[in-house]
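# Topology and contacts: notes
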Amino acid sequence: MTTTDNTAGSVLDVEIDALRGGPANLSQYTGKAVLVVNVASKCGLTPQYAGLERLQERYAPLGFTVLGVPCNQFLGQEPGTSEEIAEFCSATYGVTFPMTEKIEVNGEGRHTLYDRLVGFADAEGHSGDIRWNFEKFLIGKDGRVAARFSPQTEPEAADIVAAVEKALA
């Protein structure tokens, strides 16, 4: 894929499959703001799915989406199959936002998507490896990382909402 200076380094040209198979086609989000979140179904932070879904409902009409990225690297807290993950998210939290295949976000098997994300520092200066489930990256309309938030930051926290609104402006 050829890129221009404006899109070089974009996370939206990374190839990754959707949770239920086939390409996730991240390029469809070009010109939109995307909150990429590594998710898990059996984590103490799993209730964040509810806040992520509310963000999706509130801002999707304005050109925003949450993108859930299942990962089982943190104490095996996402052990399910693609079907089990999809069913849990839908039945328990009413999740409507897109989700990718289950991937690794750290280590030698780190997916290219996270290779492009982890170099960006959050407000406290943390960059590098993902610390836990539900670490969040806001991707701007240009496909570049605009902000990073710790796993403990609630999806509807003022700083995330402000960053999403700025990215959509």
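Attention shifts here to the overall build of the protein. Helix and strand counts for the protein stand at four helices and four strands. Traced from its N-terminal end to its C-terminal end, the protein shows the element sequence β-α-β-α-α-β-β-α. Seen through its principal axes, the protein has C-alpha atoms that stretch 40 × 35 × 30 Å. The buried share of the protein, taken over its 169 residues, is 49%. Counting contacts in the protein only where the partners sit at least 6 residues apart, residues at least 24 apart contribute 69% of the total. For the protein, the exposed surface amounts to about 7800 Å²; the carbon and sulfur share of it is 49%. Charged side chains in the protein number 14 positive and 23 negative. The centres of these two groups are separated by 4 Å.

The next subject is the confidence of the model for the protein. On average, residues of the protein score 92 in pLDDT, and 95% of them are at 70 or above. Least confident of the elements in the protein is helix α2 (residues 82-93), whose mean pLDDT is 94; most confident is strand β3 (residues 136-139), at 98. Throughout residues 1-8 the model reports pLDDT below 50, and contacts reaching past four residues in sequence, or to other chains, amount to nine contacts.

It is at 12 Å that the axes of helix α1 (residues 48-59) and helix α4 (residues 158-168) come closest, and there the two elements cross at 30°. By the angle class used here, α1 and α4 are roughly parallel. Of the two elements, α1 crosses α4, and the hand of that crossing is right-handed. Only Ile160, Val161, Val164, Glu165 and Leu168 of α4 make contact with α1, whose side of the interface consists of Leu55, Arg58 and Tyr59. Residue classes in the contact of α1 with α4 are distributed as six nonpolar, no polar and two charged.

Rules used in this analysis
- Residues numbered from 1 in each chain as written.
- Predicted model: local features only at pLDDT ≥ 70, side-chain atom pairs only at ≥ 80, totals over all residues.
- Heavy atoms only, no water.
- Helix = DSSP H or I, 4+ residues; strand = E, 2+ residues; numbered from the N terminus.
- Buried < 20%, exposed > 50% of the residue type's maximum accessible area, 1.4 Å probe, protein only.
- Contact = heavy atoms within 4.5 Å.
- Areas by Shrake-Rupley, 256 points an atom, 1.4 Å probe, with all protein chains shown as cover.
- Lys, Arg positive; Asp, Glu negative; His and termini not counted.
- Charge placed at Lys NZ, Arg CZ, Asp CG, Glu CD.
- pLDDT = per-residue confidence, 0-100.
- Axes fitted to C-alpha atoms, helices over the stretch in contact; angles between N-to-C directions.
- Parallel < 35°, antiparallel > 145°, perpendicular 65-115°, else oblique.
- Left-handed = near helix turned anticlockwise from the far one by under 90°.
- Nonpolar A, V, L, I, M, F, W, Y, C, P; charged D, E, K, R; others polar.

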